[in-house]
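# Structure at a glance
Here's the letter readout for the chains.
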Amino acid sequence: MFSNVFRRREEEERLDKEGRLPPGQSLTQKFPVLHYGPVPPFRPATWDLRVWGEVEQEGRWTWDEFQKFPRTSVKMDLHCVTRWSKFDTVWEGVSVRTLVDQGLIKPKPTAKYVLQHAEYGFTVNLPLEVVLSDNFLLATHFNGEPIEPDHGYPLRAVIGAIAGRDDLKVPYLWKGAKWLRGLEFLAQDRPGFWEQAGYHNEADVWKEERFG
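The structure contained in this document is the topic of the report that follows.

Parameters at a glance
- Residues numbered from 1 in each chain as written.
- Predicted model: local features only at pLDDT ≥ 70, side-chain atom pairs only at ≥ 80, totals over all residues.
- Heavy atoms only, no water.
- Helix = DSSP H or I, 4+ residues; strand = E, 2+ residues; numbered from the N terminus.
- Contact = heavy atoms within 4.5 Å.
- Areas by Shrake-Rupley, 256 points an atom, 1.4 Å probe, with all protein chains shown as cover.
- Lys, Arg positive; Asp, Glu negative; His and termini not counted.
- Charge placed at Lys NZ, Arg CZ, Asp CG, Glu CD.
- Pairing = 2+ DSSP bridges.
- Axes fitted to C-alpha atoms, helices over the stretch in contact; angles between N-to-C directions.
- Salt bridge = Lys/Arg side-chain N within 4 Å of Asp/Glu carboxyl O.
- Buried < 20%, exposed > 50% of the residue type's maximum accessible area, 1.4 Å probe, protein only.

So, about the overall build of the protein chain. Per the secondary structure count, the protein chain includes five helices and eleven strands. Each principal axis of the C-alpha distribution contributes one length, and for the protein chain these read about 55 × 35 × 30 Å. Once local pairs closer than 6 in sequence are excluded, the contacts in the protein chain between residues at least 24 apart make up 67%. As displayed, the protein chain has an accessible area near 11,000 Å², and 49% of this comes from carbon and sulfur atoms. Treating the 28 positive side-chain charges of the protein chain as one cloud and the 31 negative ones as another, the clouds have centres 2 Å apart.

So, on to the pairing of strand β6 (residues 113-118). Bridging between β6 and strand β7 (residues 123-127) involves five bridges; their strand directions are antiparallel. Residue pairing for β7: His117 is matched across the bridge by Thr123. Counting the residues between successive antiparallel strands, the hairpin from β6 to β7 contains four residues, one of them, Tyr120, with a positive phi of roughly 65°. Examined bridge by bridge, β6 and strand β11 (residues 180-186) share six bridges and lie antiparallel to one another.

Moving on, we get to the sheet that holds strand β2 (residues 48-53). Pairing in this open sheet of five strands is mixed, and the strands run β3-β2-β11-β6-β7 from one edge to the other. Two strands close off the open sheet at either side, each with one partner strand: β3 (59-62) and β7. In this sheet, neighbouring strand axes are inclined to one another by 15° on average, regardless of whether the strands run parallel or antiparallel.

With that settled, the discussion passes to the pattern of salt bridges. Per the counting criterion, the structure on display carries 18 salt bridges. For Arg60, the salt bridge is made with Asp48, and the minimal N-O distance between the two is 2.7 Å. Of this pair, Arg60 sits in strand β3 while Asp48 is found in strand β2, placing the two residues twelve residues apart along the sequence. Using a relative accessible area of 48% as the deciding quantity, one classes Arg60 as partly exposed. With a shortest N-O distance of 2.8 Å, Asp48 and Arg181 are connected by a salt bridge. Here Arg181 lies in strand β11 and Asp48 lies in strand β2, a separation of 133 residues in the sequence. Residue classification places Arg181 among the partly exposed positions, given a relative accessible area of 22%. Salt bridges here are not isolated pairs; linked through shared partners, they connect Glu11, Arg14, Glu18, Arg20, Asp77 and Asp88.

This part covers the pairing of β7. Taking burial as the measure, the five residues of β7 include five buried ones, the bulk of the element. Of the two faces of β7, the one lined by Thr123, Asn125 and Pro127 and the one lined by Val124 and Leu126 are each fully buried.

Geometric values such as these leave the question of function open.
Laid out in C-alpha cells, this is it:
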C-alpha cells in the first residue's frame with residue numbers, strides 16, 4: 001500500500017512539473033462517482049436528443065440516428081471541482097463542432113451560449129465557443145467501453161484538458177452534463193443547476209473558479 005501511495009505522489013509531481021495539474025487538485029487513479037439524484041433508466045425506444053433555441057431549425061434525433069453521426073475520440077485530463085484530477089482518459093463520441101460543420105446544427109448569429117439539458121431537469125451552461133472546442137464531446141464511450149450508468153450512460157457531455165493545448169478553455173468537470181437529453185442555444189447566458197446553487201459561472205480550473 002505504501003508503494004502505491006509513493007508511486008501516486010511521484011506521478012502527481014511529474015504531472016505538476018509538466019503543467020498539467022491545476023492548483024488545488026490531486027491525482028486520482030480511480031474515477032469517483034458524483035452526481036445529484038438517482039441514476040435514470042435508459043429506454044432506447046423513447047430516448048431522443050433535442051436541439052432548439054437560437055438555431056435555424058430545431059432538431060431531434062433518436063438513439064439509432066445519433067449513433068450514425070461521425071464519431072471521434074479525444075484524450076483528456078479531467079478536473080473535478082471536488083479537487084480530484086484523472087489524467088489521460090480516452091472518450092469517444094460526437095463532436096458538436098462536427099455537427100455544426102456538417103450543417104446538422106445551424107446556430108443563428110445570435111447564439112452565444114448553450115444550456116445542456118439532462119434527465120430530471122438538470123441543466124448546465126457553457127459559452128458556445130467552448131461547446132465548439134476540441135475538448136468538449138458528446139460521449140458514449142470511455143476508455144473503449146460504453147459509459148457506465150453512474151457516469152452518464154448512454155450519453156454525457158464531457159469537458160477536459162488536452163495536453164499541450166493551452167489555447168483551450170478548461171472548466172471543471174461538472175460543466176459537462178451526465179445523461180444528456182438536449183442542447184438549447186441561447187443569445188443570453190442562463191445559469192444552470194449548480195451555478196444557481198453558488199458554483200462559479202465560468203469554472204476555469206487554472207484560476208480555481210470553484211464558487212461564485
